[in-house]
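Okay, here's what each chain looks like letter by letter:
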Amino acid sequence: MDVDAYLARLDLPVPAAADLTALRVLQERHLMHVPFENLSVHLGEPIELTEQALFDKLVRHRRGGFCYELNGLFAALLRELGFAATLHAARVFDDSGVPGPPLDHAAILVQLDDEQYLVDVGFGRFSRQPLALSAVEPQCDAEGEYLLLDAPYGDVDVLRDGKPEYRLERRPRQLSDFAPMAWWQSTSPQSHFTQTLTCSRPTAQGRVTLSGDRLIETVDGVRHEVLLPNDEAVRVAYHVYFGLRLRRLPMRPGEHPLGTSGDALTTS
């Protein structure tokens, strides 16, 4: 891995030490600079879960991705920097509080001294700071109040503002373990990612999201939504808000058959 290039993507120098202070900065900068997006699903681009393919996409082509991609590559960066980082599977809770299928999500655990920290840059809206896995009290973050609770079979339930987000496994996983579910998430008509189109990242004042032609900005808790008038305005918004230079726009859900191949999204 070209660590310097990855850190340049995050606008960061090499950290002086692999400690909690550095981990906090790395996590927040990753969230700010590398958007959570599922554009590949709507461009017919395959999701390839190898470190080289992810590095090319996220760093060389300055793209974003979803959980397997973002956390998969970020975990590799952390290991290169000297952190004891492992990937872990999670089951995302639905609106009725039922956990989804195994390997529904990928997150990171980092061991620092006698504490493990949950690090997640691939869930969309999530904690901007590492969460101590052993903490019994709620942990406050810019994105809300997080509580980690024991779950059956040694798993951990992650709650934000009292609502269950996902159930985390303690067993480490390899990046390749997530490939079948990544394929399902990117191709199945039942997947949330084939039914929606999104590109989102936190900002210093809140969050910005582009969903098709709807630009949504939250500033100091106030939500503003604008319907962009044409494709050129959408293209400019991708560039201005997310740094993406698009050769073509992703199709909206329902406009394209799944599984087709397409041109590369961005210029090099």
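That block above? That's the structure.
Presented here is an overview of the structure given in this document.

Scoring rules and cut-offs
Numbering of residues starts from 1 in each chain and follows the order in which that chain's sequence is written. Where totals are concerned, whole chains, interfaces and linings use all residues; where local detail is concerned, this predicted model gives features only for residues with pLDDT of at least 70, and gives and counts side-chain atom pairs only at 80 or more. Heavy atoms throughout the structure, all of them, feed into the side-chain values; hydrogens and water do not. Where helices and strands are cited, they refer to DSSP runs of H or I of at least four residues and of E of at least two residues respectively, numbered from the N terminus. An expected span of 1.5 Å times one less than the residue number is assigned to each helix. Any residue under 20% of the maximum accessible area for its type is buried, any over 50% is exposed, and the rest in between are partly exposed; the area is computed with a 1.4 Å probe on protein chains only. We call two residues in contact when some of their heavy atoms are within 4.5 Å. When DSSP finds two or more bridges between a pair of strands, those strands are recorded as paired. Axes here refer to lines fitted to C-alpha atoms; in helices the fit is confined to the stretch in contact. Angles between the N-to-C directions go from 0 to 180 degrees. Comment: arc refers to directions from the helix axis out to C-beta atoms. Stacked, tilted and edge-to-face pairs are distinguished by plane angle, under 30 degrees for stacked and over 60 for edge-to-face with tilted covering the rest, among Phe, Tyr and Trp rings (Trp via its six-membered ring) whose centres lie within 6.5 Å.

Time to look at helix H2 (residues 20-33). Counted at 1.5 Å a residue, the expected span for H2 with its 14 residues is 20 Å, and the 20 Å between its end C-alpha atoms agrees. Residues Ala-22, Leu-23, Leu-26, Gln-27, His-30, Leu-31 and Met-32 constitute the buried set of H2. On the buried face of H2, the contacting elements are helix H1 (3-9), helix H4 (67-80), strand S3 (105-112), strand S4 (115-119) and strand S10 (199-202).

The subject of this paragraph is the sheet that holds strand S8 (residues 156-160). Sheet strands pair via backbone hydrogen bonds, and the direction of the pair is either parallel or antiparallel. The strand order across the open sheet formed by 8 strands is S5-S4-S3-S2-S9-S8-S7-S6, and the pairing between neighbours is antiparallel. Strands with a single pairing partner mark the edges of an open sheet, and in this sheet they are strand S5 (131-132) and strand S6 (139-141). Here H2 sits on the sheet and contacts S3 and S4; the angle it forms with S4, its principal contact strand, is near 10°. Running over the sheet, H4 touches strand S2 (84-92), S3 and S4 and is turned about 20° from S3.

Right, let's get into helix H5 (residues 179-187). Residues of H5 that are buried include every one of Met-181, Ala-182, Gln-185 and Ser-186, and no others. For H5, the buried positions fall inside an angular range of 130° around the axis, keeping them on one side. For H5, exposure combined with an orientation more than 90 degrees from the buried face picks out Pro-180 and Trp-183. In this structure, the buried side of H5 is in contact with H4 and helix H6 (192-195).

Among the 5 residues in S4, 4 count as buried, and that is most of the element. Summarising the sheet, S3 and S4 pair through 5 bridges and their orientation is antiparallel. Bridging across to S4, Ile-108 finds its partner in Val-119. In this structure, the hairpin formed by S3 and S4 is closed by a connection of 2 residues, where Asp-113 is found at a positive phi of approximately 55°. Inspection of the sheet shows S4 paired to S5 by 2 bridges, in the antiparallel sense. Following the sheet pairing, Tyr-117 is matched in S5 by Ala-132.

Right, let's get into the packing of aromatic side chains. Scanning the entire structure with this criterion turns up 9 aromatic pairs. Between Phe-66 and Tyr-68, the ring centres sit 5.7 Å apart and the planes meet at 85°, which makes this aromatic pair edge-to-face. Each member of the pair, Phe-66 as well as Tyr-68, is classed as buried. Each ring, one from Phe-126 and one from Tyr-166, has its centre 5.5 Å from the other, and the planes form 15°; the classification is stacked. Taken as a pair, Phe-126 in the loop between S4 and S5 and Tyr-166 in strand S9 (residues 163-173) lie far apart in primary sequence, 40 residues in all. Given the relative accessible area of 1%, Phe-126 is considered buried. On the accessibility criterion, Tyr-166 (0% relative accessible area) is buried. The structure contains a cluster of three or more aromatic residues connected by ring pairs, namely Phe-36, Phe-66, Tyr-68, Phe-178 and Phe-193.

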